[in-house]
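The lines below spell out each chain.
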Amino acid sequence: AHTALTRLDEAFVQAVKTAKKQMAAGASKAAGRRRYAETCLDYAKSGLLDADTRRHYLEMARDTLSTELDAEGAADTDRILNLGHLEIQLGGFDRAVAHFQSILDKEPGNVKALIGLVEAHYTHGNGKGLQTVARRMQSARTTGAESASDGILLHFWATSPKGT
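Read on for a plain summary of the structure. All figures in this text were calculated on a predicted structure; none of them were measured in a lab. (Residues numbered from 1 in each chain as written. Predicted model: local features only at pLDDT ≥ 70, side-chain atom pairs only at ≥ 80, totals over all residues. Heavy atoms only, no water.)

1. Thoughts on the side chain of R62
Point 1. Mapping R62 onto the fold places it in helix 3 (residues 51–72).
Point 2. With residues near it in sequence (within four places) discarded, R62 still touches L83, L86, E87, L90 and R95. (Helix = DSSP H or I, 4+ residues; strand = E, 2+ residues; numbered from the N terminus. Contact = heavy atoms within 4.5 Å.)

2. As for the nonpolar core
Point 1. Counting residues in hydrophobic clusters, the biggest one holds 37 residues, and the most contacted among them are Y57, F100 and A120.
Point 2. Listing elements by their share of this core, those giving two or more residues are helix 1 (2–25), helix 2 (29–45), helix 3, helix 4 (77–90), helix 5 (93–106), helix 6 (111–124) and helix 7 (127–140).
Point 3. Not counting chain neighbours up to four residues away, the residues in contact with F100 comprise L81, G84, H85, I88, A113, G116, L117 and A120. (Core = buried A, V, L, I, M, F, W, Y, C linked by side-chain atoms within 4.5 Å. Buried < 20%, exposed > 50% of the residue type's maximum accessible area, 1.4 Å probe, protein only.)

3. Details of the packing of helix 2 against helix 3
Point 1. Between helix 2 and helix 3, the shortest axis-to-axis distance is 8 Å and the interhelical angle comes to 160°. Comparing the axis directions of helix 2 and helix 3 gives the class roughly antiparallel. For the pair helix 2 and helix 3, the sense of crossing is left-handed. Contacts from A30, R33, R34, Y36, A37, C40, L41, Y43 and A44 in helix 2 reach R54, Y57, L58, M60, A61, T64, L65, T67, E68, A71 and E72 in helix 3.
Point 2. Looking at side-chain class alone, the contact of helix 2 with helix 3 contains 13 nonpolar, 2 polar and 5 charged residues. (Axes fitted to C-alpha atoms, helices over the stretch in contact; angles between N-to-C directions. Parallel < 35°, antiparallel > 145°, perpendicular 65-115°, else oblique. Left-handed = near helix turned anticlockwise from the far one by under 90°. Nonpolar A, V, L, I, M, F, W, Y, C, P; charged D, E, K, R; others polar.)

4. Here we look at the packing of helix 5 against helix 6
Point 1. Interaxial distance between helix 5 and helix 6 falls to 9 Å at its minimum, and their mutual angle equals 160°. With respect to helix 6, the element helix 5 is oriented roughly antiparallel. In the packing of helix 5 onto helix 6, the handedness of the crossing is left-handed. Within the contact between the two elements, helix 5 uses F93, A96, V97, F100, Q101, I103 and L104 and helix 6 uses A113, L114, G116, L117, A120, H121 and H124.

Read these as geometric descriptors, not functional statements.
In structure tokens, the structure reads:
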């Protein structure tokens, strides 16, 4: 088992190095940055890293995605969502909320951004904010819910007395 985990770790390290080289030398800098960010994120989520190293790779993914958005000048909803979720993992509550809110300013019914906002409030322990967003989701009657469980969770968050 140890040998298999070591090989898996080595494969991730090599993938990160390769993606970093491609990012620096590639014709399409945006694609290279995206690949590097995805590779760092995959490594961070692998379960192979200690907490400090995991945080380092999450920060590298976040910084790379931020650079990409700044360089392109256009707001890509999926990348902004990814940044919001990265900020939640890194403890950046205010930055996470700002990312999700920037999407909602343009697309008020964006379910993924609303769920991200709920996740940020939940993770941060902000019960009142959580209930406010959940009620907003219920009243908006959004159509992009991924499953019936989303509706059940929204109802729970909106009506739970534990959030007050």
